[in-house]
Amino acid sequence: MNGLVNVIRAELFKALRKKRTYVMAGLLWLIFPPLMLLVGWILQTRVADTFVEDVTSVREVIQIIASPIAITRNGLLLFGNLSPSLLIIVVALIAALLIGEERNQNMWKTVLTTQTNRLTVLSGKLLTAMILLGLLFLGSYLVGPVFGGLGMSFLPTSFGSGWLELLGLYSLQWLFAFAAMLFAFLIIWLLRSLPLGIVTIFFLPALLEGIITFYRTVVGFDRLNRFNAFLEILQLRNTFESLPKYFFTSNLYAPSRQPLSKLTDILDIDVNTVDAGPFASLFSLDLSRSAWVMLVYAIIFAVLLAWSFSRRDIN
């Protein structure tokens with residue numbers, strides 16, 4: 001236990017002295033919230049009392065953009081609704097800092113001499129990564145009431161409700177991110193090139209899922225071909241047809257995309273009509289299923305990472 005604590009202390013000491021840590025925090029805590037307030041102010045001063053007011057309520061739009069609860073909610077949406085997502089970018093940067101720089105600076109022999117138990121080193125680095133990610137999430141949650149409260153002095157916004165539910169989604173997204181962190185650690189550990197590892201983290205899951213989606217959309221499983229016939233023989237066709245439900249990215253970002261599911265009520269969208277479409281991951285969410293899927297991914301990545309890290313030679 002003392003060895004694990006020492007590893008965490010050393011890794012935190014290193015991470016808190018890197019510029020990238022503060023760049024990530026500044027982006028999430030000091031740039032994004034004022035940007036939301038700026039958008040709200042522009043709407044208030046440029047759009048209010050115009051013809052647009054006849055179509056929609058500018059006050060309501062400002063409330064869902066620049067209110068305290070909206071800034072916190074939009075911060076969560078920011079993590080999982082870009083391409084590549086902000087969450088995977090942050091995860092890749094943290095993983096590169098904690099497990100990638102030792103190779104670039106030829107420090108692995110020093111690290112493993114100080115603490116000879118490799119699994120203790122790996123566990124300490126992973127826990128440090130989740131602590132850093134948790135601090136970023138916590139800060140994103142807390143800046144909403146701070147900046148949103150300031151915005152209430154010059155914008156027609158209210159504090160909002162649903163804070164506990166939103167805190168639960170933040171916490172769930174942080175837990176889901178553990179599987180992404182294991183994946184990032186595994187890729188950077190296996191690949192000798194740090195830039196190649198980061199690019200692989202960004203695009204490999206999306207590439208594999210895109211290939212499956214392309215085949216499912218263009219070719220489909222209804223037409224007779226050798227691959228579909230092979231699936232029929234193995235009785236795996238239904239499994240392959242339901243593969244999008246188990247995609248890594250769609251399940252990883254489920255908590256961040258949960259607030260978007262409320263659009264189904266606003267837009268009167270039937271979830272069943274988009275179940276097979278490209279926006280299914282946005283409107284049809286099952287957090288319980290996603291939690292089990294991410295647990296399976298985490299176990300697979302953890303086993304592969306622990307096995308490789310404990311057996312691979314350090315050059």
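Residues numbered from 1 in each chain as written. Predicted model: local features only at pLDDT ≥ 70, side-chain atom pairs only at ≥ 80, totals over all residues. Heavy atoms only, no water.

### Considering the overall build of the chain
Summing up its helical and strand segments, the chain has 17 helices and 0 strands in all. The 315 residues of the chain split such that 43% are buried. Only carbon and sulfur atoms are counted for the fraction: they give 67% of the accessible area of the chain, which is about 17000 Å². (Helix = DSSP H or I, 4+ residues; strand = E, 2+ residues; numbered from the N terminus. Buried < 20%, exposed > 50% of the residue type's maximum accessible area, 1.4 Å probe, protein only. Areas by Shrake-Rupley, 256 points an atom, 1.4 Å probe, with all protein chains shown as cover.)

### With respect to the nonpolar core
L87, I94, L133, M181 and F185 are the most contacted members of the largest nonpolar core, which has 62 residues in total. With 17 residues, the single largest contributor to this core is helix α9 (residues 163–190). Apart from the residues lying within four places of it in its own chain, the contact partners of F185 are A95, L98, I99, L122, K125, L126, A129 and L305. Listed in part, the 13 residues of the second largest apolar core include L37, V58, V143 and F147. (Core = buried A, V, L, I, M, F, W, Y, C linked by side-chain atoms within 4.5 Å. Contact = heavy atoms within 4.5 Å.)

### A closer look at a nonpolar patch on the surface
Taken together, L35, L38, V39, W41, I42 and F154 make up a surface patch of nonpolar side chains, about 510 Å² in accessible area. Among the secondary structure elements, F154 is positioned in the loop between α8 (118–151) and α9. On the accessibility criterion, F154 (43% relative accessible area) is partly exposed. (Patch = residues over 30% accessible without salt bridge, like charges linked within 9 Å, V, L, I, M, F, W, Y side chains within 5 Å. Salt bridge = Lys/Arg side-chain N within 4 Å of Asp/Glu carboxyl O.)

### Looking at the packing of aromatic side chains
When we look at a pair of aromatic rings, we describe it by the centre distance and by the angle of the planes. The full count for this structure, using the stated rule, is 12 aromatic pairs. Measuring from centroid to centroid gives 4.7 Å for W189 and F309, while their planes differ by 50 degrees, and the two rings are tilted. Here W189 is found in helix α9, whereas its partner F309 is found in helix α17 (residues 287–311), with 120 residues between them in sequence. With respect to burial, W189 and F309 carry one shared label: buried. Relative to F301, the ring of Y297 has its centre 6.0 Å away and its plane inclined at 25 degrees; by these criteria the two rings are stacked. Of this pair, Y297 and F301 both sit in helix α17, 4 residues apart, which is roughly one turn of that helix. Here the aromatic cluster, defined as three or more aromatic residues joined through ring pairs, consists of F79, F137, Y141, F159, W163 and Y170. Here R17 stacks its cationic end above the ring of F13, 3.7 Å away from the centre of that ring. (Phe/Tyr/Trp six-rings, centres within 6.5 Å; stacked < 30°, edge-to-face > 60°. Lys NZ or Arg CZ within 6 Å of the ring centre and 35° of its normal.)

### Brief notes about α8
In an α-helix, one full turn covers 3.6 residues, which means residues spaced three or four apart are oriented alike. The terminal C-alpha atoms of α8, which comprises 34 residues, lie 49 Å apart, in line with the 50 Å expected from a rise of 1.5 Å per residue. Roughly 30 degrees is the biggest bend found in α8, and it falls at V143, with proline P145 one to four residues downstream. (Expected span 1.5 Å × (residues − 1). Bend = angle between axes of the 7 residues up to and from the residue.)

### Focus on the pattern of salt bridges
Tallying each qualifying case throughout the model produces 4 salt bridges. E11 is the partner of K125 in a salt bridge, and the nearest nitrogen-oxygen pair spans 2.9 Å. Here K125, found in helix α8, pairs with E11, found in helix α1 (residues 2–15); they are 114 residues apart in sequence, far enough to count as distant. Of the two residues examined, K125 and E11, each falls in the buried class. Members of the salt-bridge network, linked through shared partners, are E11, K14 and K125.

### Quick word on the packing of α1 against helix α6 (residues 86–104)
Contact geometry of α1 with α6 gives a least axis separation of 11 Å together with a crossing angle of 90 degrees. Considering the angle they form, α1 stands roughly perpendicular to α6. Side by side, α1 and α6 meet where E11, K14 and A15 of the first sit next to L97, L98 and E102 of the second. Of the residues in the contact of α1 with α6, the class split is 3 nonpolar, no polar and 3 charged. (Axes fitted to C-alpha atoms, helices over the stretch in contact; angles between N-to-C directions. Parallel < 35°, antiparallel > 145°, perpendicular 65-115°, else oblique. Nonpolar A, V, L, I, M, F, W, Y, C, P; charged D, E, K, R; others polar.)

### Focus on α1
Helix length check: α1 (14 residues) gives 20 Å between terminal C-alpha atoms against 20 Å at 1.5 Å per residue, within 8%. Taken residue by residue, α1 has G3, V7, I8, E11, K14 and A15 as its buried positions. Each buried residue of α1 lies within a common arc of 135 degrees when the element is viewed along its axis, so the set occupies one face. Pointing more than 90 degrees away from the buried face of α1 are the exposed residues N2 and F13. Close packing links the buried residues of α1 with α2 (19–47), α6 and α8. (Arc of directions from axis to C-beta.)

### Describing the environment of Q258
With respect to the secondary-structure elements, Q258 resides in the loop between α14 (254–257) and α15 (263–266). When the C-alpha atoms of Q258 and L77 are compared, they prove to be 8.5 Å apart, with 181 residues separating the residues in sequence. For Q258, the contacting residues outside a window of four places in its chain are L169, L285 and L287.

### Overview of the confidence of the model for the chain
Residues with a pLDDT of 70 or more make up 80% of the chain, whose mean pLDDT is 83. In the model, residues 274–278 has pLDDT below 50 throughout and makes 6 contacts with residues more than four positions away in sequence or in other chains. (pLDDT = per-residue confidence, 0-100.)

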